[in-house]
Amino acid sequence: MESTPVRVRFAPSPTGHLHLGNVRTALFNWLFARREGGTFILRIEDTDAERSTQASVDSVLEDLRWLGFDWDEGPEAGGSYGPYRQTERYGLYSRYAKQLLDEGKAYRCYCTQEELDAQRQAARDAGRPFIYPGTCRFLTEKERQEREEKGIKPALRLKVQPKTVAFRDIVRGPVSIHTNAFGDWILVRPDGSPTYNFAVVVDDSLMKISHVIRGEDHLSNTPKQILLYEAFGFPLPQFAHLSMILGPDGSKLSKRHGDVSVDAFREKGFLPQALDNGLALLGWSDPDGIEVFDLSALMGRFGLDRVNKAAAVFDAAKFRHLNREHLKKMSEEELLAVTRPYLERASRLPEGELNPEVKAWALSLAPLLRERMEVLSDAVSATDPLFVFDPASMDDEARAILAEPDASRVIKAFLAKAKQADLARPGAYRALVLEIKDELKVKGKALFHPIRVALTCAASGPELEMLVPMLAAGARLSLPTPILGPVERCERIFST
Ligand code: GLU
């Protein structure tokens, strides 16, 4: 048996930024296409002239690229089923609308907005849903002519037979809805614009979409669309409706839960791979319970069979945790590349090409960054122990440590030795502290705590064995914000 090639699409309406909800739909489509060796198509559904903007189209393309979802057909990629913007397909829609009219499967409806509004209000007053009663379906030719002569612009409605539309959804299983729930729905509005349900069927059919994977908010549209496939005699695609994403309070994820646009996550310093990872886990789980993936690992493991029909709950802490995990996996070079913009903005690294010493030093910060960052903007606070040294800001705990009996002796000894040593060398700091331990017969907290406070003005913080070489080497460089070396730090502590 010949199998249909996998062709899926992501079809955003360019009325704002992509957010976690719609971008997860993009991810699942993309993963499915890549996993199946299929085609991933991007289609811009810009029929809402008032709300669609080119700026939004641009940001959609940028966000998708940033997240790593390359499209095989669509804007800027081309393809043999275009155009890929609905506003460029109006000719096609009118051709297919005419076909339905000619075949008697659709009819012109002259009911005015006022008439329909009045009927809708009456239904509401009676406590029942408004279903168009089919008024214009049975107009005589004469009645039709009269309305035409009055200059009333008609809408086009589909003739819907009373029946149950049933289909098997890949995620939700069997679904059935009776056509009484919606009646003769509108294909083309009086102004000639196609409705979403009409355009989407024409497009999905002509673009040979094999699987329609989209949000559950479209589930109620699917029966309407199926009737249209039937009316045209188009083969049906398979449908997969993804569950809603909820906020922590159980309501649909939205602006109320903070800015959940892709853009905002990028601004906050999330890595695209962490976002992809977090999105994948919103409604899908790995068969072996693996939680940390990059896009290519996800591609190898994703399947629609493990997409959950229960709603997924967005957990910001989990996204931060995943981001941290992805940061930890980065090489020194990668870490420097992603944190540099933040460190430059904070005047901690120079802009432009780094000289070899600065570059080597910047690369050596990786362990500190890995330990202290969740999102990229944390690069600044993570490097505070190197760049910020302010005895005046010391807290009571740190002051108490300096007031301890051996503190002064220890720091003096450290200072004397530090002047002679090269603390940028790995292991030098440790050797030096061991010497003090032997000579002064001071050990444990009495030894380590005063040195820590003298070097960082704080009672706790990063491992000094890691930090001291960074301080010592950094102090020799010319950085936009100079670093005080270990010796200068001890001297400052004594002078205050
Ligand atoms: N433009 C629709 C949306 O953004 C697409 C729905 C669909 O995938 O059919 O919700």
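This text gives an overview of the structure that appears in the document. For every chain, the first residue of its written sequence is number 1, and the numbers climb from 1 along that sequence. Per-residue local features are limited, in this predicted model, to residues with pLDDT of at least 70; the limit for side-chain atom pairs, both in listing and counting, is 80 or more; totals at the level of whole chains, interfaces and linings are taken over all residues. The side-chain quantities take in all heavy atoms of the structure and omit both hydrogens and water.

### Observations regarding the overall build of the chain
Part 1: Each helix is a run of H or I in the DSSP string that is no shorter than four residues. Each strand is a run of E no shorter than two, and both are numbered from the N terminus. Counting its regular elements, the chain contains 22 helices and 11 strands.
Part 2: The globule rule used here is 2.2 Å times the number of residues to the 0.38 power, and the radius of gyration it is set against is calculated over C-alpha atoms. Here the C-alpha atoms of the chain give a radius of gyration of 32 Å, more than 25% beyond the 23 Å that 2.2 N^0.38 yields for 496 residues.
Part 3: Over its C-alpha atoms, taken along the principal directions, the chain stretches across nearly 110 × 55 × 40 Å.
Part 4: Per-residue accessibility takes into account occlusion by the displayed protein chains alone, with areas from the Shrake-Rupley method and a 1.4 Å probe. If you sum the accessible surface of the chain, you get close to 23,600 Å²; carbon and sulfur atoms cover 50% of it.
Part 5: Positive and negative side-chain charges in the chain, numbering 66 and 70 respectively, have mean positions lying 3 Å apart. Positive charges come from Lys and Arg, negative ones from Asp and Glu, while His and the chain ends are left out of the count. By convention, the charge on Lys lies at NZ, on Arg at CZ, on Asp at CG and on Glu at CD.

### Observations regarding the environment of Glu-146
Part 1: Looking at where Glu-146 falls in the secondary structure, it is placed in helix α5 (residues 141–149).
Part 2: Residue exposure (1.4 Å probe, protein chains only): buried if accessible area is under 20% of the type maximum, exposed if over 50%, otherwise partly exposed. We classify Glu-146 as partly exposed; its relative accessible area is 37%.

### Quick notes on the site of the ligand
Part 1: Contacts to the ligand come from Arg-9, Ala-11, Ser-13, Glu-45, Tyr-196, Val-200, Arg-214 and His-218.
Part 2: Think of a polar contact as two N or O atoms within 3.5 Å of one another; within protein, one of them needs to be a possible hydrogen donor and the other a possible acceptor, and neighboring residues in sequence only count if both atoms come from side chains. In this structure, an oxygen atom belonging to the ligand sits 2.6 Å away from a side-chain N or O atom of Tyr-196.
Part 3: Here Arg-214 contributes a side-chain N or O atom positioned 2.9 Å from an oxygen atom of the ligand.
Part 4: The protein chains hide 81% of the 300 Å² of surface that the ligand would expose on its own.
Part 5: Each residue is assigned to one of three groups, with Ala, Val, Leu, Ile, Met, Phe, Trp, Tyr, Cys and Pro labelled nonpolar, Asp, Glu, Lys and Arg labelled charged, and all others, Gly among them, labelled polar. Residue composition of the shell around the ligand, by class: 3 nonpolar, 2 polar and 3 charged. Each residue is tested against the molecule or strand, and it is near if at least one of its non-hydrogen atoms lies within 4 Å.

### Here's the deal with the sheet that holds strand β3 (residues 106–109)
Part 1: Strand order in the open sheet formed by 3 strands is β3-β4-β7, with antiparallel pairing between adjacent strands. Where the open sheet ends on each side, the last strands, each with one partner, are β3 and β7 (186–188). On average, adjacent strands in this sheet sit at an angle of 40° to one another, irrespective of strand direction.
Part 2: Of the pairings in the sheet, the one linking strand β4 (residues 155–158) to β7 comprises 2 bridges and is antiparallel in character. Following the sheet pairing, Arg-157 is matched in β7 by Ile-186. DSSP calls a pair of strands paired once it identifies at least 2 bridges connecting them. Every angle, taken between N-to-C directions, lies between 0 and 180 degrees, and every axis is a line fitted to C-alpha atoms, over only the stretch in contact when it is a helix.

### Considering the pairing of strand β2 (residues 39–42)
Part 1: Because side chains alternate across β2, one face comprises the buried residues Thr-39 and Ile-41, and the other comprises Phe-40 and Leu-42, equally buried.
Part 2: Both strand β1 (residues 7–10) and β2 contribute to a ladder of 4 bridges, which runs parallel. In the sheet register, Val-8 faces β2, and the bridge partner there is Phe-40.
Part 3: Handedness of the β1-helix α1 (residues 20–35)-β2 crossover: right-handed. With its strands directed away from the observer, a crossover is right-handed exactly when the path from the first strand over the helix to the second travels clockwise.

### Structural notes on the packing of helix α6 (residues 196–206) against helix α7 (residues 222–232)
Part 1: At their nearest, the axes of α6 and α7 sit 9 Å apart, and the two run at 55° to each other. The orientation of α6 relative to α7 falls into the category oblique. The hand of the α6/α7 crossing is right-handed. Packed against α6, whose contacting residues are Tyr-196, Asn-197, Phe-198, Val-200, Val-201, Val-202, Asp-204 and Ser-205, the element α7 presents Lys-224, Gln-225, Leu-228, Tyr-229 and Phe-232 at the interface. By the definition adopted for this analysis, an angle is roughly parallel if under 35 degrees, roughly antiparallel if over 145, roughly perpendicular if from 65 to 115, and oblique otherwise. Crossing handedness follows the turn of the near helix against the far one: under a right angle anticlockwise gives a left-handed crossing, and clockwise gives a right-handed one. Any two residues whose heavy atoms approach within 4.5 Å are treated as being in contact.

### Digging into the pairing of strand β8 (residues 211–215)
Part 1: β8 sits mainly inside the fold: 5 of its 5 residues count as buried.
Part 2: Two elements, β8 and strand β9 (residues 238–242), share 5 bridges in a ladder whose sense is parallel. Its bridge partner being in β9, Ile-213 is matched across the sheet by Ala-240.
Part 3: Following the chain from β8 across α7 to the adjacent parallel β9, one finds a crossover that is right-handed.

### Quick word on the pattern of salt bridges
Part 1: A carboxyl oxygen of Asp or Glu within 4 Å of a side-chain nitrogen of Lys or Arg is what we treat as a salt bridge. Under the definition given, this model contains 38 salt bridges.
Part 2: Here Glu-148 makes a salt bridge to Arg-144, at a shortest N to O gap of 3.9 Å. Within this pair, Glu-148 and its partner Arg-144 are both found in helix α5, separated by 4 residues, close to a single helical turn.
Part 3: Judged by its relative accessible area of 33%, Glu-148 falls in the partly exposed class.

### Some points on unusual backbone geometry
One can expect most non-glycine residues to show negative phi and most peptide bonds to be in trans.
Part 1: Cis geometry is adopted by the peptide bond preceding Pro-83, which originates at Gly-82 and carries an omega value of -5°.
Part 2: Here Pro-83 is to be found in the loop between α2 (54–67) and α3 (90–102).
Part 3: In the Ramachandran plot, Lys-208 falls in the positive-phi region, its phi being about 55° despite a non-glycine side chain.
Part 4: Inspection of the secondary structure assignment puts Lys-208 in the loop between α6 and β8.
Part 5: Given a relative accessible area of 51%, Lys-208 falls into the exposed group.
Part 6: Even without glycine at this site, Cys-457 takes up a positive phi of about 65°.
Part 7: Checked against the element boundaries, Cys-457 lands in the loop between α20 (445–456) and α21 (464–475).
Part 8: You can call Cys-457 buried: its relative accessible area is 8%.

### Some points on the packing of aromatic side chains
Part 1: Aromatic pairing here means that ring centres of Phe, Tyr or Trp (its six-membered ring) are within 6.5 Å. Orientation follows from the plane angle: under 30 degrees is stacked, over 60 is edge-to-face, and everything else is tilted. Applying the stated criterion across every chain, the model contains 16 aromatic pairs.
Part 2: Taken together, a centroid distance of 6.0 Å and an interplanar angle of 55° make the contact between Tyr-96 and Phe-234 tilted. Remark: Phe-234 occurs in the loop between α7 and β9 and Tyr-96 occurs in helix α3; sequence separation between them is 138 residues. Of the two residues, Tyr-96 and Phe-234, neither departs from the other in class, the shared state being buried.
Part 3: Linked through ring pairs, Phe-28, Trp-284, Phe-293 and Phe-302 together constitute an aromatic cluster.
Part 4: Whether a charge sits over a ring comes down to the Lys NZ or Arg CZ being within 6 Å of the ring centre and within 35 degrees of the ring normal. The positively charged end of Arg-24 is found above the aromatic ring belonging to Phe-28, 5.6 Å away from the centroid.
Part 5: Over the face of the ring belonging to Tyr-342 we find Arg-345, whose NZ or CZ atom lies 5.1 Å from the ring centre.

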